[in-house]
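Residues per chain are reported as follows:
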Amino acid sequence: MAASTVPCYLGFDFSTQQLKVIAVDENLNVIHQNNVQFDSELPEYRTQGGVHVQSDGLTVTSPVLMWVKALDIILEKMKNAGFDFSRVKALSGSGQQHGSVYWKTGARHVLENLNPERHLHELLQWSFAVVDSPVWMDSSTTEQCHNLERAVGGAQRLADITGSRAYERFTGNQIAKIWKIKPEEYQQTERISLVSSFASCLFLGNYADIDFSDGSGMNLMDIFSKQWAQDCLNATAPQLQSKLGTPVPPMAVLGPVSAYFVSRYGFPVDCRVLAFTGDNPGSLAGMRLQEGDIAVSLGTSDTVFLWIKDPKPTVEGHIFCNPVDCQAYMALICFKNGSLTRERIRNECAGGSWEVFSKALRSVPMGNNGNIGIYFDVMEITPPVAGVHRFNEDNNKVAGFSQEVEIRALVEGQFLAKRVHAEKLGYKIIPGTRVLATGGASSNIDILQVLSDVFSAPVYTIDTANSACLGCAYRAMHGIVAKKGVSFAEAIRRAPEPKLAVTPTPGSEKIFKPLLKRYAELEEKVLKESQQ
Ligand SMILES: O=C(CO)[C@@H](O)[C@H](O)CF
């Protein structure tokens, strides 16, 4: 059955805490949204925030079958809501970056012969050599990082090749650890996917290749040649290239959707599956980021990213291939202490209520009377330090703040960090800079006001906080015409523009200029103390 006359496009996001989906019509209007929360709807996997933190406090994994079962559930939810799958002309998606999936030898045959009478999670229950997938929150591979950097000639050399120095969460270092501690499982693995390409395997009914953009988050791919860097593969694990497949452009049409989805849900036989990508690259697409904008994504992780043409990789932050233009790149900085830290402070200082949190935020003046807080509940990525550190206006450490001051110190501290590290990497915040905000916290106008004040720039948002899903639905639509040379911007020209949400409070620049300097000095002091 071909796609019905009123086509639509699907974008999925396999993120840390949930699986989300958005459908858009030909005019790029959102016609359906749905989600599956891992902790509450799949309690049998006993995750917290979608993950398991192992007893060493450093190893963090997620059960791969939980992601598979979440797909079964979200498609059932869509079917029960009356969604007409016969309209789906193309689909794409994203996944939390850096996570890895280990398909057991023989799994390809299972994928190619899925019985539409049964659930995916039953059919694939024996298809994974490693059942607990390493995810981006893991920080247990420092030894592997040192080995890789030594093998290729140092941190900057590795960054010059792959866009980043070695990071614990990056997939190559995770694979190196699997090879070391689970050699038999590694040998039983015939294909290694990222979370993004694993999801596209499910829809394709075969192994799907890793895209250039998410592949940039592995410390294994040369971001200029867009091919695996042989020195990095050699330093990671044996026979690795045969397990990875070949990187593909993010707008590549991988093939038609698997017969399983045609029979079970009524997808059209000619529904195209586009390459999936990372969640942050998906968000870049969903926010229609342009050169000169700065994006701030407030999710489980917080990230700051922007579109760049001439990348200069450094040992802080990351350069990824651009998800919508193969000639361009995206620069990104990741902050691990994002929404889970905001939720902790909301629970402790605002009785678990965002309304009370916002009221408290508004009750304390901009600049928090000089009080500064650094809240690294878990080992932070930018910079690599842990712990909660509070300072009064005289830069003296204090043991605690009032609840209202604590709330403002958290929000201002998180945004001071973002601007300090962004400008350190050369991001320019000049008149005309737009800050585009997305992610769960971007629906809180009081949090956005602080973002605007700290950055002294207007903040724009899009209608949905699920920019990665939206971006991948847009990418699905673009993928159908990309071969004809139509650019992404042209393909989605009818999409709604980001809307102005807040502008800086008068006098904010005067308040935050000295605070930015103080924050940088205090964070540096905390980092140095942690290294003694
Ligand atoms: O590690 C990250 C980016 O480098 C995180 O933002 C993950 O993509 C979150 F899923």
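Reading guide: rules and limits
- Residues numbered from 1 in each chain as written.
- Predicted model: local features only at pLDDT ≥ 70, side-chain atom pairs only at ≥ 80, totals over all residues.
- Heavy atoms only, no water.
- UniProt positions renumbered as here; feature names shortened; annotations may be inferred.
- Helix = DSSP H or I, 4+ residues; strand = E, 2+ residues; numbered from the N terminus.
- Expected span 1.5 Å × (residues − 1).
- Buried < 20%, exposed > 50% of the residue type's maximum accessible area, 1.4 Å probe, protein only.
- pLDDT = per-residue confidence, 0-100.
- Near = heavy atom within 4 Å.
- Polar contact = N/O pair within 3.5 Å; in protein donor to acceptor, adjacent residues only side chain to side chain.
- Areas by Shrake-Rupley, 256 points an atom, 1.4 Å probe, with all protein chains shown as cover.
- Nonpolar A, V, L, I, M, F, W, Y, C, P; charged D, E, K, R; others polar.
- Domains from an automatic or database assignment.
- Buried area = accessible area lost by both parts, 1.4 Å probe.
- Salt bridge = Lys/Arg side-chain N within 4 Å of Asp/Glu carboxyl O.
- Pairing = 2+ DSSP bridges.
- Axes fitted to C-alpha atoms, helices over the stretch in contact; angles between N-to-C directions.
- Contact = heavy atoms within 4.5 Å.
- Core = buried A, V, L, I, M, F, W, Y, C linked by side-chain atoms within 4.5 Å.

Let's shift gears to the UniProt feature "domain: Carbohydrate kinase FGGY C-terminal" (unreviewed entry) in the protein. In the numbering used here, UniProt assigns the "domain: Carbohydrate kinase FGGY C-terminal" (unreviewed entry) feature to residues 295-478. Along residues 295-478, the helical share is 36% and the strand share 22%, with 22 Å between the first and last C-alpha atoms.

Given 3.6 residues per turn, any residue in an α-helix points the same way as the ones three and four places further on. Between its terminal C-alpha atoms helix 17 (residues 403-424) stretches 31 Å, which fits the 32 Å expected from 22 residues at 1.5 Å a residue. Across the 22 residues of helix 17, 18 count as buried, placing the element largely inside the fold. Backbone geometry just downstream of helix 17 places glycine 426 in the positive-phi region, at approximately 95°.

On to helix 7 (residues 171-181). With eight of eleven residues buried, helix 7 lies mostly within the body of the structure. Among the residues of helix 7, those classed as buried are Thr171, Gly172, Asn173, Gln174, Ile175, Ala176, Lys177 and Ile178.

The next subject is the confidence of the model for the protein. Mean pLDDT over the protein: 97, with 99% of residues reaching 70 or higher. The complex prediction reports pTM at 0.96, with the ipTM value standing at 0.99.

Here we take up the site of the ligand. Inspection of the region around the ligand gives Thr16, Gln96, Gln97, His98, Trp136, Arg169, Asp279, Asn280, Ser301, Thr303, Leu332 and Cys334 as its neighbouring residues. Within the side chain of arginine 169, a nitrogen or oxygen atom sits 2.8 Å from an oxygen atom of the ligand. A distance of 2.7 Å separates an oxygen atom of the ligand from a polar atom in the side chain of serine 301. Out of a free accessible area of 290 Å², the ligand has 99% covered by protein chains. Within the residue set of the shell around the ligand, elements represented by two or more residues are helix 14 (279-286) and strand 19 (329-335). Broken down by class, the residue content of the shell around the ligand amounts to three nonpolar, seven polar and two charged. When residues of the shell around the ligand are assigned to domains, at least three map to each of domain 1 (3-281) and domain 2 (289-461 + 498-532).

Per the UniProt annotation, the sites labelled "domain: Carbohydrate kinase FGGY N-terminal" (unreviewed entry) are residues 135-281. Spanning residues 135-281, this segment combines 48% helix with 13% strand, and its end C-alpha atoms are found 17 Å apart.

Bringing the domain arrangement of the protein into the picture now. Entries for the protein in the domain assignment read domain 1 (3-281) and domain 2 (289-461 + 498-532). Placing a centre on the C-alpha atoms of domain 1 and another on those of domain 2 gives a separation of 28 Å. Counting the surface lost from both domain 1 and domain 2, the interface buries some 2400 Å², and carbon and sulfur atoms represent 61% of this. Per-residue buried area on domain 1 facing domain 2 is highest for Trp136, Arg169 and Asn280; these three make up 22% of the total on that side. Put simply, domain 1 and domain 2 have zero salt bridges between them. Looking at the side of domain 1 that touches domain 2, the elements that each hand over two or more residues are helix 6 (155-162), helix 10 (212-215) and helix 14. The element contributing the most residues to the side of domain 1 that touches domain 2 is helix 6, with five residues. Each residue belonging to the side of domain 1 that touches domain 2 can be placed in one class, and the counts come to 14 nonpolar, 14 polar and five charged.

Taken in spatial order, the three strands of this open sheet run 8-7-10, and their pairing is antiparallel. Each edge of the sheet is formed by a strand with only one pairing partner; in this case those strands are strand 8 (128-130) and strand 10 (189-194). Direction aside, the axes of adjacent strands within the sheet are offset by 40° on average. As paired strands, strand 7 (residues 100-104) and strand 8 are joined by two bridges and run antiparallel to one another. What sits directly across from tryptophan 103, in strand 8, is phenylalanine 128. Strand contacts of helix 7: strand 7, strand 8 and strand 10, with the helix running at about 45° to strand 7, the strand carrying the most contacts.

On to the nonpolar core, then. One finds Phe12, Leu71, Trp103, Phe198 and Phe267 to be the most contacted residues of the largest nonpolar core, which totals 92 residues. In terms of residue count, the dominant contributor to this core is helix 2 (residues 64-80) (ten residues). A domain split of this core shows at least three residues from each of domain 1 (3-281) and domain 2 (289-461 + 498-532). Once you skip the residues sitting within four places of it in the chain, leucine 71 turns out to touch Phe12, Phe14, Leu19, Leu120, Leu202, Phe203 and Phe261. Membership of the second largest hydrophobic core comes to 84 residues, among which are Ile223, Ile333, Ala409 and Leu516.

Take the side chain of serine 213 next. Structurally, the position occupied by serine 213 is in helix 10. Looking at serine 213, the relative accessible area reads 0%, which means it is buried. Reaching out from serine 213, the side chain makes a polar contact with the backbone oxygen of cysteine 321 at a distance of 2.6 Å.

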